[in-house]
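# Chain and residue survey
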Amino acid sequence: MEFTAKVIADLLSGKIEGDKNATVSSLSKIEEGTEGTLSFLANPKYLKYIYTTKSTIVIVNKDFKADKKIHTTLIRVENAYDAFAKLLNYYKQQKEDKTGIDKQASIAFDAIIGADAYVGPLAVICEKASIGKKSKIYPHVFIGENVEVGENTIIYPGVKIYPDCIIGNNCIIHAGAVIGADGFGFAPQQASDYAKVPQVGNVILEDNVEVGANTTIDRATLGSTIIRKGAKLDNLIQVAHNVEIGENTVIAAQTGLSGSTKLGKNCMVGGQVGFAGHIKIADGVKFAAQSGIPSDIKKENEVVMGYPAFNYTKYQKSYVYFRKLPDLVNRISELEKKIKELEGN
Amino acid sequence: MEFTAKVIADLLSGKIEGDKNATVSSLSKIEEGTEGTLSFLANPKYLKYIYTTKSTIVIVNKDFKADKKIHTTLIRVENAYDAFAKLLNYYKQQKEDKTGIDKQASIAFDAIIGADAYVGPLAVICEKASIGKKSKIYPHVFIGENVEVGENTIIYPGVKIYPDCIIGNNCIIHAGAVIGADGFGFAPQQASDYAKVPQVGNVILEDNVEVGANTTIDRATLGSTIIRKGAKLDNLIQVAHNVEIGENTVIAAQTGLSGSTKLGKNCMVGGQVGFAGHIKIADGVKFAAQSGIPSDIKKENEVVMGYPAFNYTKYQKSYVYFRKLPDLVNRISELEKKIKELEGN
Amino acid sequence: MEFTAKVIADLLSGKIEGDKNATVSSLSKIEEGTEGTLSFLANPKYLKYIYTTKSTIVIVNKDFKADKKIHTTLIRVENAYDAFAKLLNYYKQQKEDKTGIDKQASIAFDAIIGADAYVGPLAVICEKASIGKKSKIYPHVFIGENVEVGENTIIYPGVKIYPDCIIGNNCIIHAGAVIGADGFGFAPQQASDYAKVPQVGNVILEDNVEVGANTTIDRATLGSTIIRKGAKLDNLIQVAHNVEIGENTVIAAQTGLSGSTKLGKNCMVGGQVGFAGHIKIADGVKFAAQSGIPSDIKKENEVVMGYPAFNYTKYQKSYVYFRKLPDLVNRISELEKKIKELEGN
């Protein structure tokens, strides 16, 4: 895709300074700009690059004043950062504007595909599944029996969705994610082996949920594992059976939640955090990366860290002394010596 | 699938109280019951829901006595919990009772597919591979050259099995798991770069093993990485080359085992645990989540926690004092002050 | 594949002692040797097995002297270990020597496939993508629009590469890895929900990079996430947007790197390590498994451990005292008692 300065200026209600016909085909940082790319200047820290950048077009604030000669074409806008963000979205949408059903897709005769949806080559859509309007199902995706996918949802290559799961509107699921595999449930038997507990529930993703690459969300034993609207999950996260994640909660990569745990709304969870099973977390709690959460947290907006986790500031204080433990031991030994001397008196 | 109360009562040798022709198509918790679902009541804690549930059928113990009017159809059985578990299994099997080879599967001319097996669309089965009787190979599964899959084994969508691996009978491998990728072996070279050490061994899964979604089990450098019979692995677990996991050992999600480590029988491993390489763990050892295991554990049935891990109870005690370190430091400072005063005397 | 002792001896410039026509079809450890396999003896620790092994052929050093009768065919070489390593490579290459484009692959009309490349069944190669000479694209791989794959690179089954990413020469990417999914970027909105920040950069893998199974490497927000030449990444690793990993740095499984972090050259990172975002690590730093890295490390070749991490030796010392904290508390209590006694005097 190529865009001229004119097209971009029109899109952003901006004013061109330079070559109206300058064309760009991708976006770059101003300090890494190359010919044929478009950049922006918002942060004064990057001001110096405007004079040396090789970007073909740069978006600047309308009140920007140059000290030296500028070799690139400028587009002046109300707010350069917002304009660039708008452009990012536009560019992304243009690139991904696919529709239609590829003839190499495998679609059950009674599956329903909504208007203007895309189904890529070698995707599999099973019996009674339905795909909403304008949703995109990329190659190698597996949509199990009876799965419902909402409208405007993007499911990237290789995602696997087991039967009976429900995916909302405006969701994004990245490559390799697995939605609805069996929860990890086994009943110990007398012979020290285990009998599988069948997992017959499902997974529900409400609207506006994003799920990262290779993340796994297990189906409930009975009932549903639920990701509430607006929640964002990064890559390689494990969500066990019957977990519930609250609205607009954000979870960084490689975190794991054990079975039946309920996370509140607007929580922020760092990477590699581990939650025990059957616990309940209040709204707005923040978790430092790698924390281990053994039990309920009832205080809203609490901030925790540690293994097991407790209050963040207190953990940091204790850890300062942990690092000084050899000194503390010396101080204790010294005291013991002195006491002995005093006692000897 | 729909089932009438009559069909279910016959299956469970139960007695119907209410509408023989009541029909259900799925299962639910009694407190979340909706029309057309079947629930059970075993735990007295849930007794109150029997009067309000919207489930169409509820399974109860034969000696259950109602205090108030009940609106749902009951099926009385010897043991409601066991009966429900039996039903779960039956339901799950009915749903997954697929056989036959899809015409969109890609199967090498010299691969062997057993009787009553299922091979889904877009699965790939390579040269000289064999699939046992009644096994199920879902869409997008890759079965490499010379792989042997036993009988009655289920391999869910998108699983990748590299050449020469051996999968036992009655195994379950969930979506996205990778069996037999190269172990991580590199020989440092003089130029500070690395030469790859070829990994020519394989992976063996014995009978009744379950492997979770997106779990990775690497092939041995030479010989085999072995998962012994009855072992259960959750999602996103890493098993490195030449590891051996003992019979009926259960491992929670996101745990990692480094190369050549041997885990005993009947161990229980929490989530996100990390094992160093080349270590040996006795039978029956339990590991708290997020523990780091640096060396052999020789004592059977030991329980450990920590980073690095040691005895669980001792870790908990030390951690209590870790949390109180600022207090302890105050106590030491106070002692120093008093000693100084005493010395001043 | 079968090889005779004669073929192997010629390949290794070795001398046969025994049956020239002995044939083997795979490789084994000497202590686990079975008929039809070839082993080697280099480490004197394994000497005793030469007399009992069931391997059909054993490679030994040319100066090896037997004390007892040997039943297997020997091949004497200059250096048994090096010869075996050479054989491993030869064997691996023979096994994987595939070329040609499978008729069940889905390839865009304007994609470019180099000479002697392999594209397996059900692989998808999108518009304007290019695959270099002798590279191998296994089944179920997805190569997005505009992706460039270099020469001699192996991409195993089910790998997903998003549009615009660049993969170098002689790379190996294992099954299920996801290259170029969106970075985890969201801008908080007034209604406590989040707006997605489009991720329009890409991922660059330089030459000789190896990426493990189910590892995820996110595309940059703008610019590139870069894995420098010779870096080796194990399984289930998370690499966030705009990260840069230095030349010949080696990272063990399940480690995670947060956004914009830069790792130096020749670092060695243990398993399950977590790096905060926007930090910079010097060359040659070593990280103990499960460490948490909160900030820059400026000292080259430093060795760290801990949560958060600091110097490895210091961590170990502090941890010794952590384990003894209950004792230390007793010592403090004892001192307090004695002081009280002394003060009482």
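Residues numbered from 1 in each chain as written. Chains lettered and ligands numbered in written order. Predicted model: local features only at pLDDT ≥ 70, side-chain atom pairs only at ≥ 80, totals over all residues. Heavy atoms only, no water.

### Observations concerning the packing of helix H1 (residues 5-12) of chain C against helix H2 (residues 80-95) of chain C
Residues and elements named next belong to chain C. At a minimum axis distance of 10 Å, the contact between H1 and H2 shows a crossing angle of 110 degrees. Looking at the two axes, H1 sits roughly perpendicular to H2. Crossing angle aside, the handedness with which H1 passes H2 is right-handed. Residue-level inspection shows Ile8, Leu11 and Leu12 of H1 in contact with H2, the latter providing Ala83, Lys86, Leu87 and Tyr90. (Axes fitted to C-alpha atoms, helices over the stretch in contact; angles between N-to-C directions. Helix = DSSP H or I, 4+ residues; strand = E, 2+ residues; numbered from the N terminus. Parallel < 35°, antiparallel > 145°, perpendicular 65-115°, else oblique. Left-handed = near helix turned anticlockwise from the far one by under 90°. Contact = heavy atoms within 4.5 Å.)

### Considering helix H2 (residues 80-95) of chain B
Residue and element names in this part refer to chain B. An ideal rise of 1.5 Å per residue puts 22 Å on 16 residues; H2 measures up with 22 Å between its terminal C-alpha atoms. Along H2, the residues classified as buried are Ala80, Ala83, Phe84, Leu87, Leu88, Tyr91 and Lys92. Those residues of H2 that are buried are in contact with strand S1 (3-4), helix H1 (5-12), strand S4 (26-27), strand S5 (37-41), strand S6 (57-61) and strand S7 (73-77). (Expected span 1.5 Å × (residues − 1). Buried < 20%, exposed > 50% of the residue type's maximum accessible area, 1.4 Å probe, protein only.)

### As for the pattern of salt bridges
In total, this model carries 39 salt bridges over all chains according to the counting rule given. A salt bridge links Asp10(B) to Lys6(B); its shortest N-O distance comes to 2.9 Å. One end of the pair, Asp10(B), and the other, Lys6(B), are both in helix H1, 4 residues apart, so they sit about a helical turn from each other. Looking at Asp10(B), the relative accessible area reads 51%, which means it is exposed. Owing to a relative accessible area of 40%, Lys6(B) belongs among the partly exposed residues under this scheme. Among the ionic contacts, a cluster of salt bridges with common partners joins Lys92(A), Glu210(A), Asp182(C) and Lys196(C). (Salt bridge = Lys/Arg side-chain N within 4 Å of Asp/Glu carboxyl O.)

### What to know about the interface of chain A and chain C
Tallying the contact residues gives 60 residues for chain A and 65 residues for chain C. Taken together, the two surfaces of chain A and chain C that pack against each other cover about 4900 Å², and 64% of this comes from carbon and sulfur. It is His140(A), Gln290(A) and Phe322(A) that lose the most area in chain A upon contact with chain C, and together they represent 11% of the buried surface on that side. In this structure, the connection of chain A to chain C is made through 4 salt bridges. Note that Lys92(A) is salt-bridged to Asp182(C), the shortest N-O span being 3.2 Å. Looking at the side of chain A that touches chain C, the elements that each hand over two or more residues are helix H2 (80-95), strand S28 (232-233), strand S31 (250-251), strand S38 (303-306), helix H3 (312-323) and helix H4 (325-344) of chain A. (Buried area = accessible area lost by both parts, 1.4 Å probe.)

### Here's the deal with unusual backbone geometry
Residue and element names in this part refer to chain A. Across the junction of Tyr307 and Pro308, the peptide omega takes the value -5 degrees, indicating a cis bond. Within the element layout of this structure, Pro308 appears in the loop between S38 and strand S39 (309-311). You will see that Gln290, though not glycine, has its phi angle at about 65 degrees, which is positive. Relative to the elements of secondary structure, Gln290 occurs in the loop between strand S36 (286-287) and strand S37 (292-293). On the basis of relative accessibility, which here comes to 11%, the residue Gln290 falls in the buried class.

### Focus: the relation of the copies chain B and chain A
With an RMSD of 0.0 Å, the operation that places chain B on chain A is a rotation of 120 degrees combined with a shift of 0.0 Å along the axis. Look at the turn and shift together and you get a three-fold axis relating the two. (Least-squares fit on C-alpha atoms with pLDDT ≥ 70 in both.)

### Here we look at the side chain of Lys232(A)
By secondary structure assignment, the location of Lys232(A) is in strand S28. An unpaired buried charge is present at Lys232(A): no salt bridge exists, and Glu210(A), the closest side chain of opposite charge, is 5.2 Å distant. Setting aside its immediate chain neighbours within four residues, Lys232(A) contacts Asn208(A), Glu210(A), Thr249(A), Val250(A), Ile251(A), Phe184(C), Phe186(C) and Tyr194(C). (Lys, Arg positive; Asp, Glu negative; His and termini not counted.)

### Details of the state of the cysteines
All names here are of chain C. For the structure shown, the criterion picks out 0 disulfides over all chains. Its sulfur unpaired, Cys171 is 12 Å from the next cysteine sulfur, which belongs to Cys165. Given the relative accessible area of 0%, Cys171 is considered buried. (Disulfide = S-S within 2.5 Å.)

### Overview of the sheet that holds S37(A)
Residues and elements named next belong to chain A. Taken together, 10 strands build an open sheet; the order of strands is S9-S12-S15-S18-S21-S26-S29-S32-S35-S37 and the sheet is parallel. Both edges of this open sheet fall to strand S9 (106-107) and S37, since each of them pairs with a single strand only. Relative to strand S32 (residues 256-257), strand S29 (residues 238-239) runs parallel, the two being bridged by 2 bridges. By the bridge assignment, Gln238 is partnered in S32 with Gly256. (Pairing = 2+ DSSP bridges.)

### Here's the deal with the nonpolar core
Counting residues in hydrophobic clusters, the biggest one holds 62 residues, and the most contacted among them are Ile143(C) and Phe287(C). For this core, the secondary-structure elements that each account for two or more residues are strand S21 (178-181) of chain B together with strand S11 (118-119), strand S17 (154-155), strand S20 (172-173) and strand S24 (202-205) of chain C. Excluding its chain neighbours within four sequence positions, the residues that come into contact with Ile143(C) are Val124(C), Ile125(C), Cys126(C), Ala129(C), Ile131(C), Ile137(C), Val149(C), Ile155(C) and Ile161(C). (Core = buried A, V, L, I, M, F, W, Y, C linked by side-chain atoms within 4.5 Å.)

### Looking at the confidence of the model for chain A
In this model, chain A carries a mean pLDDT of 95, and residues with pLDDT of at least 70 account for 100%. Here the prediction assigns the complex a pTM of 0.94, and the interface score ipTM is 0.93. (pLDDT = per-residue confidence, 0-100.)

### Regarding the interface of chain B and chain A
Each partner contributes residues to the interface: chain B has 60 residues there, and chain A has 66 residues. Summing the contributions of chain B and of chain A, the shared interface buries around 4900 Å²; its carbon and sulfur component is 64%. Of all residues in chain B, the largest losses of buried area upon contact with chain A belong to His140(B), Gln290(B) and Phe322(B), amounting jointly to 11% of the total for that side. Across the chain B-chain A interface, the total number found is 4 salt bridges. A salt bridge links Lys98(B) to Glu145(A); the nearest nitrogen and oxygen atoms lie 2.6 Å apart. For the pair chain B and chain A, the number of links is 34 residue pairs in polar contact (both at pLDDT 80 or more). Tallying contributions element by element places helix H4 (residues 325-344) of chain B first for the side of chain B that touches chain A, with 10 residues. Per-class residue counts for the side of chain B that touches chain A are 33 nonpolar, 16 polar and 11 charged. (Polar contact = N/O pair within 3.5 Å; in protein donor to acceptor, adjacent residues only side chain to side chain. Nonpolar A, V, L, I, M, F, W, Y, C, P; charged D, E, K, R; others polar.)

### Re the sheet that holds S11(C)
Residue and element names in this part refer to chain C. Strands sit in the order S8-S11-S14-S17-S20-S25-S28-S31-S34-S36-S38-S39 across an open sheet of 12 strands; the sheet is mixed. Of all strands in the sheet, those bounded by a partner on one side alone are strand S8 (100-101) and strand S39 (309-311). Pairing analysis gives 2 bridges linking strand S28 (residues 232-233) to strand S31 (residues 250-251), with the strands arranged parallel. What sits directly across from Lys232, in S31, is Val250. Here helix H3 (residues 312-323) sits on the sheet in contact with strand S38 (303-306) and S39, set at roughly 105 degrees to S39.

### Description of the pairing of strand S24 (residues 202-205) of chain B
Sheet faces and side chains relate simply in a regular strand, where the side chains alternate between the two faces. Residues and elements named next belong to chain B. Of the strand pairs in this sheet, strand S19 (residues 166-167) and S24 are connected by 2 bridges, and their pairing is parallel. Each residue of the ladder has a partner; that of Ile166, found in S24, is Ile204. Pairing geometry for S24 and strand S27 (residues 224-227), over 4 bridges, is parallel. By the bridge assignment, Val203 is partnered in S27 with Thr225.

### Some points on the domain arrangement of chain A
Partitioning chain A into structural domains gives domain 1 (3-95), domain 2 (100-315) and domain 3 (316-345). Once you take the C-alpha centre of each, domain 1 of chain A and domain 3 of chain A turn out to be 63 Å apart. (Domains from an automatic or database assignment.)

### Details of the packing of H4(A) against H4(B)
Running from N to C, H4(A) and H4(B) point in directions that differ by 30 degrees, and their axes come no closer than 10 Å. Here H4(A) is positioned roughly parallel relative to H4(B), judged by the angle of their axes. Our pair here, H4(A) against H4(B), has a crossing hand that is left-handed. Listed contacts from H4(B) to Leu325(A), Leu328(A), Arg331(A), Ile332(A), Leu335(A), Lys338(A), Ile339(A) and Leu342(A) of H4(A) are Leu325(B), Val329(B), Ile332(B), Ser333(B), Leu335(B), Glu336(B), Ile339(B), Leu342(B) and Glu343(B). Its residues placed into classes, the contact of H4(A) with H4(B) shows 12 nonpolar, 1 polar and 4 charged.

### A closer look at the pairing of strand S27 (residues 224-227) of chain C
With 2 bridges joining them, S27(C) and strand S30 (residues 244-245) of chain C adopt parallel strand pairing. Residue pairing for S30(C): Ile227(C) is matched across the bridge by Ile245(C).

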